[in-house]
Amino acid sequence: MARWLAMTFLCLATCLSAHAGSKILGTGAVSPIEGGAGGGIAPWALITGYGSDGEWGGSVFHTRVEVDDFGLDVSGVAVGWQDRLELSYARQTLDVQGLSLDIEQDVVAAKYRLAGELLYSSIPQVSLGVQHKNNRDFAVPELLGADDDTGTDVYLAASKLWFAALARRNLLVNAAVRYTHANETGLLGFDDDASVVFEGSAVVFLNDRWVAGVEYRQKPDHLRAVEETDWWHVFTGYFPNKHFSVVLARADLGDIAGFEDQTGWYLSLQGHM
């Protein structure tokens, strides 16, 4: 996977370097655990990369989440077209520590900007996104009562940045509503019933290269065998240039598959074009 991502990034760099780069540093966002552009645990309305109108952008990323009883590795790639359309792919691998058990999931996604702009319009940037998920290891989800190994999430996100809004610092706020059948984002399969849940993010630009923020993700609770609880994290991000960023977070993922109080660390590295 690491070799595949390196080759993908080199291809992106070759194909996109002549086109991308008009966006302000940091406004290409980072990569959430399901891929594309967003925060650590939630998608934003932004389109990946630094390409603006008439340009292409792209990103690759790898994320590691380490909590008490689980480890999650996610690698992915995304391409943005004219700051309007985003296509992405991510592979998730959940390690159930102590049980020598891995659960893998593929996420293929698309996002389309419907209206507005992050910086220069009177209304927020609004995007519609679709994430199709395929759980590749359905034995454990089925044992816990999941109905299916595939499902599709649909979300509507709105993002807006205000200049000098908080202690003379720039402030970015994102809010999204998601329609989902997923249990633990699909890593524990999918339910016949669906829920509408909320996701929110707030990010302060401390200076030109550093940000700090908090994210919250409401979770459905479909499985009868185990409880699913909401997620949140606090994070800091560093953008040394338009080609690389890193995010470090303290994550609280609540109860997962009967394991209580899952807290730990989140580290994500992204390459941008």
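Residues numbered from 1 in each chain as written. Predicted model: local features only at pLDDT ≥ 70, side-chain atom pairs only at ≥ 80, totals over all residues. Heavy atoms only, no water.

Asker: Sorry, what's going on with the pairing of strand 4 (residues 101-115) here?
Answerer: On a regular strand, one side chain projects to one face of the sheet and the next to the other, so that they alternate. Pairing geometry for strand 3 (residues 85-96) and strand 4, over 12 bridges, is antiparallel. In the sheet register, Tyr89 faces strand 4, and the bridge partner there is Val108. Where strand 3 hands over to strand 4, the hairpin turn is made up of 4 residues, of which Gly98 adopts a positive phi near 90 degrees. Where strand 4 and strand 5 (residues 125-135) come together, 10 bridges link them in antiparallel fashion. Across the sheet, the residue bridging to Ala109 is Gln131, located in strand 5. (Pairing = 2+ DSSP bridges. Helix = DSSP H or I, 4+ residues; strand = E, 2+ residues; numbered from the N terminus.)

Asker: Help me understand a negative patch on the surface, please; the structure alone is not making it clear to me.
Answerer: Residues Asp68, Asp221, Glu227, Glu260 and Asp261 make up a contiguous surface patch of negative charge. Tracing the sequence through the fold places Glu260 in the loop between strand 11 (244-252) and strand 12 (263-272). (Patch = residues over 30% accessible without salt bridge, like charges linked within 9 Å, V, L, I, M, F, W, Y side chains within 5 Å. Areas by Shrake-Rupley, 256 points an atom, 1.4 Å probe, with all protein chains shown as cover. Salt bridge = Lys/Arg side-chain N within 4 Å of Asp/Glu carboxyl O. Lys, Arg positive; Asp, Glu negative; His and termini not counted. Charge placed at Lys NZ, Arg CZ, Asp CG, Glu CD.)

Asker: Looking at this structure, I do not really get the pairing of strand 12. What am I missing?
Answerer: Bridging between strand 1 (residues 56-67) and strand 12 involves 9 bridges; their strand directions are antiparallel. Paired with Phe61 across the strands is Gln270, a residue of strand 12. Relative to strand 12, strand 11 runs antiparallel, the two sharing 9 bridges. Counted as the bridge partner of Ala251 is Gly264 from strand 12.

Asker: Can you walk me through the side chain of His222 in this structure?
Answerer: Within the secondary structure, His222 sits in the loop between strand 9 (210-217) and strand 10 (231-241). Judged by relative accessible area, His222 falls into the buried class, the value being 13%. Side-chain polar atoms of His222 contact the side chain of Ser195, separated by 2.7 Å. Excluding residues that lie within four positions of it along the chain, His222 makes contacts with Thr180, His181, Ala182, Asn183, Asp191, Asp193, Ala194 and Ser195. (Buried < 20%, exposed > 50% of the residue type's maximum accessible area, 1.4 Å probe, protein only. Polar contact = N/O pair within 3.5 Å; in protein donor to acceptor, adjacent residues only side chain to side chain. Contact = heavy atoms within 4.5 Å.)

Asker: Any chance you could explain the confidence of the model for the protein here in plain terms?
Answerer: Predicted coordinates in regions of low pLDDT should not be interpreted in detail. When pLDDT is averaged along the protein, the result is 91; 92% of the residues meet or exceed 70. Confidence, read as mean pLDDT per element, is least for helix 1 (residues 2-16) in the protein (47) and greatest for strand 5 (98). Every residue in residues 1-7 scores below 50 in pLDDT, and together they form 8 contacts with partners more than four places removed in sequence or on other chains. Within the model, the stretch residues 16-20 combines pLDDT values under 50 with 14 contacts to residues more than four positions away or in other chains. (pLDDT = per-residue confidence, 0-100.)

Asker: How should I be thinking about the sheet that holds strand 4 in this particular structure?
Answerer: Sheet strands pair via backbone hydrogen bonds, and the direction of the pair is either parallel or antiparallel. One closed barrel accounts for 12 strands, arranged 1-2-3-4-5-6-7-8-9-10-11-12; its pairing is antiparallel. Direction aside, the axes of adjacent strands within the sheet are offset by 20 degrees on average. In this sheet, strand 2 (residues 70-81) lies alongside strand 1 in antiparallel orientation, the contact comprising 11 bridges. In the sheet register, Val65 faces strand 2, and the bridge partner there is Leu72. (Axes fitted to C-alpha atoms, helices over the stretch in contact; angles between N-to-C directions.)

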